[in-house]
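Analysis of the macromolecular model
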Amino acid sequence: MNHSHSNSKYISNFNSWAEQKRFVNFTDEDAALLQKLHPFAVDYADVFVEKLYEHLQKFPDTKRFLGDEKMLMRLKLAQKAYFMDLTSGDYGEGYFKSRIKVGIAHQRIGLPPRIYMSTYCYYMQLMIPQIYSNPTFDVETANGIFSALHKIINLDQELAISAYIHATDEVISRQTEEILEMSTPVIQIWEGVVAAPIIGMLDSGRTQQFMERLLETIVQTNSPVALIDITGVPQIDTATAQHLIDTINAVKLLGSQVIITGVRPVIAQTLVHLGIDLSGIITRPTMALGLKVALDKLSIKVVDVSKE
Amino acid sequence: MANQEAGENPIKSEGDIVTCRKLIRNAAVAAGFGMTDVTRIVTAVSELARNVYVHSGSDGVMRWEILHQPGQIGIHLEFEDYGKGIPDVDQAMEVGFTTAGTMGMGLSGVKRLMDDINIKSEVGVGTTITVEKWGRAK
């Protein structure tokens, strides 16, 4: 597994946002047009916020995100500040950073993007009639303001949605690492014998983890024998086989020996078809048989005391 | 994931190889292939998808189709990439030949796992590998 998850491939930096502005054709003229709306936005911000939250409270799904009275007050204040920001005319780095912060905050409280997006739709429904009925704007200006507002909202949405995706991506990447850690346990099953059951395919990321852990455990427990069980491996291709052989060779360098167990008939057949030579390696169809070989090697005899 | 009779999946990351295997495993099982054949087919998919990811140096795509003939079921698989291409296809099919420090058994292994393999490649343009496997219908 490569590390594409851990870097921010979705979240924009300020430079890429500038590029995004060019992409939606957001110009200085747009910024100026939006600024024309600003005095109006300041006057009506409170009315807008009240109407918006009245609307949001009609839906049980949405209402539960609004919290108690105190929380609601905070949200309304934030919303008001945002409405003012939208028409401030300054869409620089400060604006950019606060949009990202909002996206991440929304993701954290689990607000669905659906609600976030639809809220804009409602905002536009409030805003459009106001733009066109404003006597100080001629039709051309009103059209320009409408277009500019549409662009800045699109830019904002892109940032917030990217922040959402980024945050979710972080969760996936953390979980992937956790799975990687958990999926290849190495356990001491007898004095001198460690066992490692592999579940799923061995890709290069897992092999690295697995090999490290196996070698460490062999040294820690001073074990001459390691059983690698492949019962849980659905199929072995040449890359997986190569990873296994590399692991076996590394174990050999420590002076210990590997027994591959859990070789199912179908796996045996495909290995032969692929032409992979495991003739120098001890293999057994089950872990029980592998353990028997291991105990023989250690000259340990297990007796059934009831038959003595 | 729905079991489809035909479809395609991009190959752009190691994760896509996992998806390819899963899609084909489901499709082959649903089509009625026996477990031995399913394992052979999925192993071949794993080889060929990895070929696209590791060797071609570009993105690629896997396409599949389940085939029906009286008393027989088949699967047709196509792996296409737009990568650097294979200069000498015959040499690439030889056991032990590798340009990537790997085992060099992938393509020759796939040939033995499947019934039919066909490689079309042009240097600098890309490679298309098609394979087929037939089994008795249940």
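Here's what I pulled together on the structure shown here. (Residues numbered from 1 in each chain as written. Chains lettered and ligands numbered in written order. Predicted model: local features only at pLDDT ≥ 70, side-chain atom pairs only at ≥ 80, totals over all residues. Heavy atoms only, no water.)

Residue and element names in this part refer to chain A. Here we have 5 strands laid out as an open sheet, ordered 1-2-3-4-5, and mixed in their pairing. Edge positions in the sheet fall to strand 1 (187–190) and strand 5 (282–284), since each of these pairs with one other strand and no more. Taken pair by pair, the neighbouring strands of this sheet meet at an average axis angle of 30°, ignoring direction. Where strand 3 (residues 225–232) meets strand 4 (residues 257–261), 5 bridges bridge the pair, whose relative direction is parallel. Along strand 4, the bridge assignment pairs Val 225 with Gln 257. (Pairing = 2+ DSSP bridges. Helix = DSSP H or I, 4+ residues; strand = E, 2+ residues; numbered from the N terminus. Axes fitted to C-alpha atoms, helices over the stretch in contact; angles between N-to-C directions.)

The next thing to look at is the nonpolar core. Leu214(A), Ile230(A) and Leu77(B) are the most contacted members of the largest nonpolar core, which totals 62 residues. Considering every element that reaches this core, the biggest residue donor is helix 2 (residues 35–55) of chain B, with 8 residues. The next biggest cluster of nonpolar side chains, apart from the first, holds 44 residues, and it includes Ala31(A), Tyr95(A), Ile115(A) and Met124(A). (Core = buried A, V, L, I, M, F, W, Y, C linked by side-chain atoms within 4.5 Å. Buried < 20%, exposed > 50% of the residue type's maximum accessible area, 1.4 Å probe, protein only.)

Right, let's talk about the sheet that holds strand 2 (residues 60–69) of chain B for a bit. All names here are of chain B. Spatial ordering of the open sheet is given by 1-2-3-5-4, a layout of 5 strands whose pairing is antiparallel. At either margin of the open sheet sits one strand with a lone partner, and together these are strand 1 (6–11) and strand 4 (116–122). Going across the sheet, the axis of each strand differs from the next one's by a mean of 15°, ignoring polarity. Here 10 bridges tie strand 2 to strand 3 (residues 72–81), and the two strands are oriented antiparallel to one another. Following the sheet pairing, Val 61 is matched in strand 3 by Glu 80. Relative to strand 3, helix 2 is tilted by about 10°, and along the sheet it contacts strand 1, strand 2, strand 3 and strand 5 (126–136). Its contacts with the sheet put helix 4 (residues 106–113) on strand 4 and strand 5, and the angle it makes with strand 4 is roughly 145°. (Contact = heavy atoms within 4.5 Å.)

Any functional reading would require information beyond the geometric quantities listed.
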